[in-house]
Amino acid sequence: MGYLFSFPASQLFINCNFFPAEFSIVVTLKIPQMAPEKSEYIFTLLEGDSDEPLLGLRLSQNKFHFLQKGHGSRKRITFKAVGLDDNRWHTVVLAVTGCYTILTVDCGTPLEVFERSFPDDLDTTGSTFFIASRRRWNGLFSGLMRQLVLLPGSDATSQICPSSEPQLSALSVPPALLHLPIKPSSTDLPLHPYEAEVRVTAGMSPPCGHSEEGHLWFNTLKRGLFLCDGIVWLTMLQVKEKLDYVEDHQDLFTNSETFDIEVFHIPSVGLFMATANRDSNLGSGIYKWTDGRFERYQNISTYDAQAWQYFTVGKKKFLVVANCRSKDAGNQEQSVIYKWSSRKLKFIHYQTLITHSARDWEAFSIQDETFLAVANHRQGGRNHNIDSVIYKWNPVAQFFEVNQTIPTTGAYDWEFFTIGPYYFLAVANTFNGRSTVIDSTIYIWLGGMFQPYQSITTFGAIDWEMFQIENRVFLAVANSQMLTEEGKILYSINSTIYELSMTSQTFIKFQEIETNSALDWEYFTVGDDKFLVVANSYDGNSYSLNSVIYRWQGYEGFIPVHRLSTNGCRDWEYFNTTDGSYLIYSSARAALSKVLKLRTI
């Protein structure tokens, strides 16, 4: 045991500092035979820096002790001939009610001690609970503990007894322990060495299979303790990370200006990133995460590439690019689907689709069918009022075929999301040929097709980002510019976060955030904290602006916490590796993207 597990009593006694006058303590434990002179603590409640318990449970050979302070003195109630140190599981209930202290072991016959009533004025202010210790190393608990529960105002015996397994009666067992197989103690069964098997690593996960069942793994990087259930590592105890600051990690020089970044993982191969680059002569790059950095892996011919999307169909792995221009002047633009070759370990050409100044692809599945939606932005030089297309995978032909067309207005982005059993698809409409003040539309899947659900007025909308916080559903839109029919242009305008109202069943305005030609939102979490980062690209005078990370503050919404210097910022992506968490942003003004590392505490 490398440290003492403790927490302030104020975390338990929130509204009242006094310990309850009537209560039960339920503990399920397994402890080897103890030497006659040895004693060990199940828990103690210590006042300030004192070593004398206000309250505690202690074990010694064949004895169970209840320690308490009351009416100016300290006393110990001892139950004798209680054989708990036999290396078997036992569930013990200690109930204090009125003048009686009652001990029940494995739902057996209760043992009663008649004493003065437990004090009703035991003040816990400034005190600390120590689990399995008395603060000091002397007296540490050396067995296994499956549950330790304080239940005020009631004798908990009736809640867990009778039981088919009285030694393992459960009142409140952590979920990670509830389904673990408990091996019975028997003279004809060997002791299981996994009870003392602990792996310590700096981040890499050790194997977890049948032979490792019951092994413990302490991850020093994530500061967590995990238990193998024979299939996966279950979290037993983990320190929640908090974002401290953001630092430069890598300058990534790309073929040309980058409009989009797609980070994806190919199982058994590694972490990759695809950049959608402007220059048609140089194409776009695919990079692989190697030794903590992205290294160039493959180059693909693209034509003013605007976006990449990685997706899978069964075991097949695909990458589709949105090409904004044609290969040759005057020809039709074509976007291309590439398939990962497990033999060549590269992406190879798979299918070509006719698109119109394509800005985005969105891949999604509905009831085991795979779809691809393209955002067609413009046909020719001026016609922004065209159809965008939804394709569906044909499992017989092994190709994507047109499934539905949807009228859009300078479409720039699709966002697919689900709410309960319902499927939604939101389009960011940017420009109708005269103004950017137009409606963007949310569609719902009904009767085998997408139908309009709600329209929201947006201002040159470039991106939708859907995210959920607990049971609340949000949609954030990145508004890039306000161009009115009178020709006036504003770049410093509000982008808006909408929340789904369960009353009206529509998205209503939740929060407006001032942005500078916002082109992207990215939602991510660090520990228990939730964040949004916005790509600010232009304020009417300069492209060198701060993009901002906002943190969720509940009632206050999102508040700014970090300002990051960017140049023509176009896209943000968040990703994790075994080394930690990262953000990467692309620039539409320079052939340089930056990888930033999130430092946590």
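Residues numbered from 1 in each chain as written. Predicted model: local features only at pLDDT ≥ 70, side-chain atom pairs only at ≥ 80, totals over all residues. Heavy atoms only, no water.

Under the annotation held in an unreviewed UniProt entry, the chain carries the name Thrombospondin type laminin G domain and EAR repeats and is attributed to Sinocyclocheilus grahami. The chain has a UniProt comment under Subcellular location (unreviewed entry) that states "Cell projection, Stereocilium". (UniProt positions renumbered as here; feature names shortened; annotations may be inferred.)

(A) Region of interest: the overall build of the chain. Looking only at helices and strands, the chain has 2 helices and 45 strands in total. Projected onto its principal axes, the C-alpha positions of the chain cover 95 × 55 × 50 Å. Within the chain, buried positions represent 52% of all 601 residues. Long-range contacts, defined here as pairs at least 24 residues apart, represent 47% of the contacts in the chain between residues at least 6 apart. (Helix = DSSP H or I, 4+ residues; strand = E, 2+ residues; numbered from the N terminus. Buried < 20%, exposed > 50% of the residue type's maximum accessible area, 1.4 Å probe, protein only. Contact = heavy atoms within 4.5 Å.)

(B) Inspection of the side chain of D85 at higher detail. Note on placement: D85 falls in the loop between β6 (73-80) and β7 (89-97). Separated by 3.1 Å, the side chain of D85 and the backbone nitrogen of M34 make a polar contact. Setting aside residues no more than four positions away along its own chain, D85 makes contact with I31, P32, Q33, M34, Q61 and N62. (Polar contact = N/O pair within 3.5 Å; in protein donor to acceptor, adjacent residues only side chain to side chain.)

(C) Focus on the sheet that holds strand β23 (residues 334-341). Taken together, the 4 strands give an open sheet; going across it, the order is β21-β22-β23-β24, and neighbouring strands pair in antiparallel fashion. Lying at the two open borders of the sheet, with one neighbouring strand each, are β21 (305-313) and β24 (346-354). Between one strand and the next, the sheet's axes are offset by a mean angle of 25 degrees, whatever the strand orientation. Inspection of the sheet shows β21 paired to strand β22 (residues 316-323) by 8 bridges, in the antiparallel sense. Across the sheet, A305 pairs through a bridge with N323, a residue of β22. (Pairing = 2+ DSSP bridges. Axes fitted to C-alpha atoms, helices over the stretch in contact; angles between N-to-C directions.)

(D) How the structure looks around unusual backbone geometry. Of note, the amide linkage connecting C161 to P162 takes the cis form, showing an omega dihedral of -5 degrees. Positionally, P162 belongs in the loop between α1 (157-160) and α2 (175-178). Its identity as a non-glycine residue notwithstanding, S268 has a phi of 70 degrees, on the positive side. You can see S268 is positioned in the loop between β17 (258-266) and β18 (270-277). Overall, the relative accessible area of 83% leaves S268 in the exposed class. Phi at E470 takes a positive value of approximately 55 degrees, unusual for a residue other than glycine. If you trace the backbone, E470 turns up in the loop between β33 (461-469) and β34 (472-479). By relative accessible area, E470 is classed as exposed at 70%.

(E) Fine view of the environment of W340. Residue position: W340 is located in strand β23. With 28 residues separating them in the primary sequence, W340 and T312 have C-alpha atoms 9.9 Å apart. Among residues more than four places away in sequence, those in contact with W340 are I266, V269, F272, Y297, K317, L345, K346 and F347.

(F) Looking closely at the side chain of T44. Positionally, T44 belongs in strand β3 (residues 39-47). At a separation of 2.8 Å, a polar atom in the side chain of T44 contacts the main-chain carbonyl oxygen of S133. T44 has contacts with P53, L55, G56, T128, F129, F130, S133 and R134, leaving out every residue within four places of it along the chain.

(G) Region of the structure containing the domain arrangement of the chain. Domains assigned within the chain are domain 1 (6-166), domain 2 (202-238) and domain 3 (243-600). Here the C-alpha centroids of domain 1 and domain 2 sit 30 Å apart. (Domains from an automatic or database assignment.)

(H) The arrangement of the layout of surface pockets in detail. Quantified by volume, the second largest pocket comes out at close to 640 Å³. Around the second largest pocket, the lining is made up of 38 residues, and of these D260, I261, E262, E522 and E573 lie nearest the centre. Mapped by element, the contributors of at least two residues to the lining of the second largest pocket are β17, β18, β21, β25 (358-366), β29 (411-419), β33, β39 (518-526) and β43 (569-577). Its residues placed into classes, the lining of the second largest pocket shows 18 nonpolar, 6 polar and 14 charged. (1 Å grid on protein atoms, 1.4 Å probe; cavity = no way out; pocket = protein on both sides within 12 Å on 5 of 7 lines; lining within 4 Å. Points joined across faces, edges and corners; volume = space filled by probe spheres on them. Nonpolar A, V, L, I, M, F, W, Y, C, P; charged D, E, K, R; others polar.)

(I) Broad picture of the environment of P174. Inspection of the secondary structure puts P174 in the loop between α1 and α2. The spatial distance from the C-alpha of P174 to the C-alpha of E333 is 57 Å, given a sequence separation of 159 residues.

(J) Expanded view of a nonpolar patch on the surface. A cluster of nonpolar side chains, namely F5, M236 and L237, defines an oily patch on the protein surface of about 240 Å² accessible area. With respect to the helices and strands, F5 occurs in strand β1 (residues 5-8). Its relative accessible area of 38% is what places F5 among the partly exposed residues. (Patch = residues over 30% accessible without salt bridge, like charges linked within 9 Å, V, L, I, M, F, W, Y side chains within 5 Å. Areas by Shrake-Rupley, 256 points an atom, 1.4 Å probe, with all protein chains shown as cover. Salt bridge = Lys/Arg side-chain N within 4 Å of Asp/Glu carboxyl O.)

(K) How the structure looks around the packing of aromatic side chains. This model, assessed by the stated rule, comprises 58 aromatic pairs. Centre to centre, the rings of W414 and Y443 are 6.2 Å apart; their planes meet at 55 degrees, and the pair counts as tilted. With a gap of 29 residues between them, W414 in strand β29 and Y443 in strand β31 (residues 437-446) connect regions that are remote in the sequence. Y443 matches W414 in its accessibility class, with the two residues each being buried. With centroids separated by 6.2 Å and ring planes inclined at 55 degrees, the aromatic side chains of W464 and Y498 adopt a geometry described as tilted. Of this pair, W464 sits in strand β33 while Y498 sits in strand β37 (residues 492-501), and the two are 34 residues apart along the sequence. (Phe/Tyr/Trp six-rings, centres within 6.5 Å; stacked < 30°, edge-to-face > 60°.)

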